[in-house]
Amino acid sequence: MGGQGTGRLLSERAIEVDAAPSKSAGPGRRPIRSVTVNAAESPLGWLFARGLVSRRQLDAGERLRADWERAQLAPRVTMTWDSAPVSRGRGGSAPEPDLSGAQIDARRRFDHAIASAGPGLADILGRVVCAGDGMREAESALGWPARAGKLVLTFALDRVADHYRIR
């Protein structure tokens, strides 16, 4: 949809809602609700728009990030307004968080994908793909020389693509 020369990578994505099957879009039809997304807003999308990662690597990174978001692994940036946990005894601990099955499954998929990338590659995947750090910030935080991160990131994304069976 958008041109790569403008630094924009536009695509239309369906918004997932619990709709009746009769209301869902069929082949060749537009979804009921959609949104236009600029994939170049993420560091991985930016690299793809400039030809520095392949479509396969982009898809693997997007799938990893989706699992990371579904598992709700991002740090909280606001205060939680839940009431304080009540314990029955003195010094008791709070109950375990109530996780949904989808969160647990996403966490399992994420952990397996990171493990399949291999040792030493989780840091670059976590910083660039999941947290959205720019390549320069990730390289300096990891103590790597300039431009080393792109090479390591492509290795990691290839392994994650193999794990997710993306061709």
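Data block above holds the structure.
Residues numbered from 1 in each chain as written. Predicted model: local features only at pLDDT ≥ 70, side-chain atom pairs only at ≥ 80, totals over all residues. Heavy atoms only, no water.

Looking at the overall build of the protein
To keep things clear, this is the line we draw: Secondary structure elements follow DSSP: runs of H or I no shorter than four residues count as helices, runs of E no shorter than two count as strands, and numbering proceeds from the N terminus. Each residue's exposure class comes from its accessible area (1.4 Å probe, protein chains only) as a fraction of the maximum for that residue type: buried when under 20%, exposed when over 50%, partly exposed otherwise. Contact criterion: two residues are considered in contact whenever any of their non-hydrogen atoms come within 4.5 Å of each other.
Helix and strand counts for the protein come out as six helices and two strands. Starting at the N terminus and walking to the C terminus, you meet the elements of the protein as β-β-α-α-α-α-α-α. The buried share of the protein, reckoned over its 167 residues, is 28%. Put simply, 62% of the contacts in the protein that link residues at least 6 apart link residues at least 24 apart.

Some remarks on the pattern of salt bridges
Rules: The salt bridge criterion pairs a side-chain nitrogen of Lys or Arg with a carboxyl oxygen of Asp or Glu, the two atoms within 4 Å.
Taken as a whole, this structure holds 10 salt bridges when the rule is applied. Two residues, Asp133 and Arg127, come together in a salt bridge whose shortest N-O distance is 3.6 Å. Since its relative accessible area comes to 24%, Asp133 is described here as partly exposed. One connected set of salt bridges, linked through shared partners, spans Arg56, Asp158 and Asp162.

Section: the packing of helix α2 (residues 55–70) against helix α6 (residues 148–164)
Stated precisely, the cut-off is as follows: Fitted lines through C-alpha atoms serve as axes, helices being fitted only where they are in contact, and the angles separating the N-to-C directions of these axes extend from 0 to 180 degrees. Here the word oblique covers every angle except those under 35 degrees (roughly parallel), over 145 (roughly antiparallel) and from 65 to 115 (roughly perpendicular). Three classes are used: nonpolar for Ala, Val, Leu, Ile, Met, Phe, Trp, Tyr, Cys and Pro, charged for Asp, Glu, Lys and Arg, and polar for all others, with Gly counted as polar.
For the pair α2 and α6, interaxial distance at closest approach is 8 Å and the crossing angle is 75 degrees. When the interaxial angle is binned, α2 and α6 end up roughly perpendicular. Contacts from Arg56, Gln57, Ala60, Gly61, Arg63, Leu64 and Asp67 in α2 reach Thr154, Leu157, Asp158, Val160, Ala161, Asp162 and Tyr164 in α6. Residues belonging to the contact of α2 with α6 are distributed by class as follows: six nonpolar, three polar and five charged.

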